[in-house]
Amino acid sequence: MTDVHADIAIRRISTDEARERAAPLAQALADVLIDCVEGGASVSFMLPLTREKALGFWHGVLQAAASKERVLLVAETAAGRILGTVQLITAQPDNQPHRADVAKMLVHRDARRRGVAAQLMAAVERAARDQGKTVLVLDTVTGGDAERLYQRAGWQTVGTVPNFALMPDGAYCATTFFHKQL
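What counts, and where the lines are drawn
- Residues numbered from 1 in each chain as written.
- Predicted model: local features only at pLDDT ≥ 70, side-chain atom pairs only at ≥ 80, totals over all residues.
- Heavy atoms only, no water.
- Phe/Tyr/Trp six-rings, centres within 6.5 Å; stacked < 30°, edge-to-face > 60°.
- Helix = DSSP H or I, 4+ residues; strand = E, 2+ residues; numbered from the N terminus.
- Buried < 20%, exposed > 50% of the residue type's maximum accessible area, 1.4 Å probe, protein only.
- Contact = heavy atoms within 4.5 Å.
- Salt bridge = Lys/Arg side-chain N within 4 Å of Asp/Glu carboxyl O.
- Arc of directions from axis to C-beta.
- Pairing = 2+ DSSP bridges.
- Right-handed = clockwise from strand over helix to strand, strands pointing away.
- Polar contact = N/O pair within 3.5 Å; in protein donor to acceptor, adjacent residues only side chain to side chain.
- UniProt positions renumbered as here; feature names shortened; annotations may be inferred.

## Structural notes on the packing of aromatic side chains
Taken as a whole, this structure holds five aromatic pairs when the rule is applied. Aromatic pair Tyr 150 and Phe 178: ring centres 5.9 Å apart, planes at 65°, arrangement edge-to-face. One end of the pair, Tyr 150, is in helix H5 (residues 145-152); the other, Phe 178, is in strand E8 (residues 172-181), and 28 residues separate them in sequence. Both residues of the pair, Tyr 150 and Phe 178, belong to the buried class. Every member of this aromatic cluster is reached through a ring pair, and the members are Phe 45, Phe 57 and Trp 58.

## Digging into the environment of Val 137
Here Val 137 is to be found in strand E6 (residues 135-141). A relative accessible area of 24% places Val 137 in the partly exposed class. Between the alpha carbons of Val 137 and Val 37 there is a distance of 22 Å; along the sequence they are 100 residues apart. Those residues in contact with Val 137 that lie beyond four places of it in its chain are Arg 99, Ala 100, Asp 101, Val 102, Trp 155, Phe 178 and His 179.

## Focus: the pattern of salt bridges
Throughout the structure, instances matching the rule amount to 12 salt bridges. Residue Arg 21 pairs with Glu 17 through a salt bridge whose shortest N-O separation is 2.9 Å. Here Arg 109 ties to Asp 35 by a salt bridge, and the two come within 2.9 Å at their closest N and O atoms. Here the residue Arg 109 occupies a position in the loop between strand E5 (99-107) and helix H4 (116-130), and Asp 35 occupies one in helix H2 (residues 22-38), the gap between them amounting to 74 residues. For Asp 35, a relative accessible area of 9% corresponds to the buried category. Residues participating in the shared-partner salt-bridge network are Arg 11, Glu 17, Arg 21 and Glu 76.

## Details of H5
If you check which residues of H5 are buried, you get Glu 147, Leu 149 and Tyr 150. Taken around the axis of H5, the buried residues stretch over an arc of 160°, which confines them to a single face. Summarising the contacts, the buried residues of H5 are in contact with E5, H4, E6 and E8. Two residues or fewer after H5 comes Gly 154, characterised by a positive phi angle close to 90°.

## Looking at the pairing of E6
In terms of strand pairing, E5 meets E6 through three bridges, oriented parallel. Looking at E6, one finds that Ala 100 is bridged to Leu 136. Read as a crossover between parallel neighbours, the route from E5 over H4 to E6 is right-handed.

## Here's the deal with the side chain of Glu 76
Inspection of the secondary structure puts Glu 76 in strand E3 (residues 70-77). Within polar-contact distance, the side chain of Glu 76 engages the side chain of Arg 11 at 2.5 Å. If we skip the residues at most four places from it in the chain, Glu 76 touches Asp 7, Ile 8, Ala 9, Arg 11, Arg 81, Ile 82 and Leu 83.

## Concerning the UniProt feature "domain: N-acetyltransferase" (unreviewed entry) in the protein chain
The UniProt entry lists residues 32-182 under the feature "domain: N-acetyltransferase" (unreviewed entry), expressed in the numbering used here. A distance of 29 Å separates the end C-alpha atoms of residues 32-182, which is 30% helix and 35% strand.

As structure tokens, then:
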């Protein structure tokens, strides 16, 4: 699956690529994660986010992608630089085979406002359909750019939980939960 917008392509990391190219992929994805956290994104990590911790996270994601527990999508330039990513967590309990979680929508700060996030969301929804998923859920910081992106893409607000998570600097933030029926 490939979408192209100007010089940016969205593609799925195959199970073979997740195994065979784990080290360079983890390095490139760590760059995006570190940039997002340093830019204030509340995506499960606190400042300072060390490269070692970011690499450990991505190696775990790549193992899960290799074992087909999740789908990993990347947005990259024609030169192969990863600018963004999103995951579809397909491994769910027995009573929820039709559902998946959308996680870690990340776009490097120098690639924002170019439609990368919207392309990633469209691609993750297609990947969900390809996996037979009909219900998607996600959460995001209340009032942030991502919340507006999800609303524009037709996601429905479930509700908001005050003080649900911390920003990278330690401040509390509210989290809004969304769902989308495919």
